[in-house]
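Structural overview for review
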Amino acid sequence: MSVTTTIMNSSTGQPIQQMTFGRMPKPWATFNLATGELVTADRVHVGKPAPGKFVAPVEVWVTPKG
């Protein structure tokens, strides 16, 4: 089961892109953004699911260099 996450910018608080992982990403995961930039996750935040749903929103916070 894949996990769809929102990649968030730690310095601005704005979403960067959506990304799908094969399983839940670890807080120290390293991956490439769509721009080709290599980033390391600062933290992973799992939110509460909406009422009546059981898919929780997942945010991965990163600090891009550029």
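Please refer to the structure higher up on the page.
Being a predicted model, the structure only gives us computed values, none of them experimental.

Thoughts on the overall build of the protein
- Along the protein, the regular secondary structure elements total zero helices and five strands.
- Sequence-ordered secondary structure for the protein, helices as α and strands as β, is β-β-β-β-β.
- Here the C-alpha atoms of the protein give a radius of gyration of 12 Å, agreeing with the 11 Å that 2.2 N^0.38 yields for 66 residues.
- Expressed along its principal axes, the backbone C-alpha trace of the protein runs to roughly 40 × 25 × 20 Å.
- Residues classed as buried in the protein amount to 32% of the 66 residues present.
- Look at the contacts in the protein between residues 6 or more apart in sequence, and 29% of them connect residues 24 or more apart.

With respect to the sheet that holds strand E5 (residues 58–62)
- Spatially, the five strands line up as an open sheet ordered E2-E1-E5-E4-E3, and their pairing is mixed. Either end of the sheet is taken by a strand with one partner, and the two such strands are strand E2 (15–21) and strand E3 (30–32). When the angles between neighbouring strand axes are averaged without regard to direction, this sheet yields 40°.
- Here E3 pairs with strand E4 (residues 38–46) via three bridges, running antiparallel. Note on E4: the bridge partner recorded for Phe31 is Val39.

Some thoughts on the environment of Val44
- Summarising the element assignment, Val44 is placed in strand E4.
- C-alpha of Val44 to C-alpha of Ile7: the two residues are 37 residues apart in sequence and 9.5 Å apart in space.
- The contact partners of Val44, leaving out residues within four places of it in the chain, are Met24, Pro25, Lys26, Pro27, Val58, Glu59 and Val60.

Considerations on the packing of aromatic side chains
- The full count for this structure, using the stated rule, is one aromatic pair.
- An angle of 80° between the planes, with centres 5.4 Å apart, marks the rings of Phe21 and Phe31 as edge-to-face. Of this pair, Phe21 sits in strand E2 while Phe31 sits in strand E3, and the two are 10 residues apart along the sequence.
- In this structure Phe31 comes out as buried when scored by relative accessible area, which is 9%.
- Over the aromatic face of Trp61 sits the side chain of Arg43, whose NZ or CZ is 4.4 Å from the ring centroid.

What counts and what doesn't
- Residues numbered from 1 in each chain as written.
- Predicted model: local features only at pLDDT ≥ 70, side-chain atom pairs only at ≥ 80, totals over all residues.
- Heavy atoms only, no water.
- Helix = DSSP H or I, 4+ residues; strand = E, 2+ residues; numbered from the N terminus.
- Rg over C-alpha atoms; globule rule 2.2 N^0.38 Å.
- Buried < 20%, exposed > 50% of the residue type's maximum accessible area, 1.4 Å probe, protein only.
- Contact = heavy atoms within 4.5 Å.
- Pairing = 2+ DSSP bridges.
- Axes fitted to C-alpha atoms, helices over the stretch in contact; angles between N-to-C directions.
- Phe/Tyr/Trp six-rings, centres within 6.5 Å; stacked < 30°, edge-to-face > 60°.
- Lys NZ or Arg CZ within 6 Å of the ring centre and 35° of its normal.

Distances and angles like these do not, on their own, reveal function.
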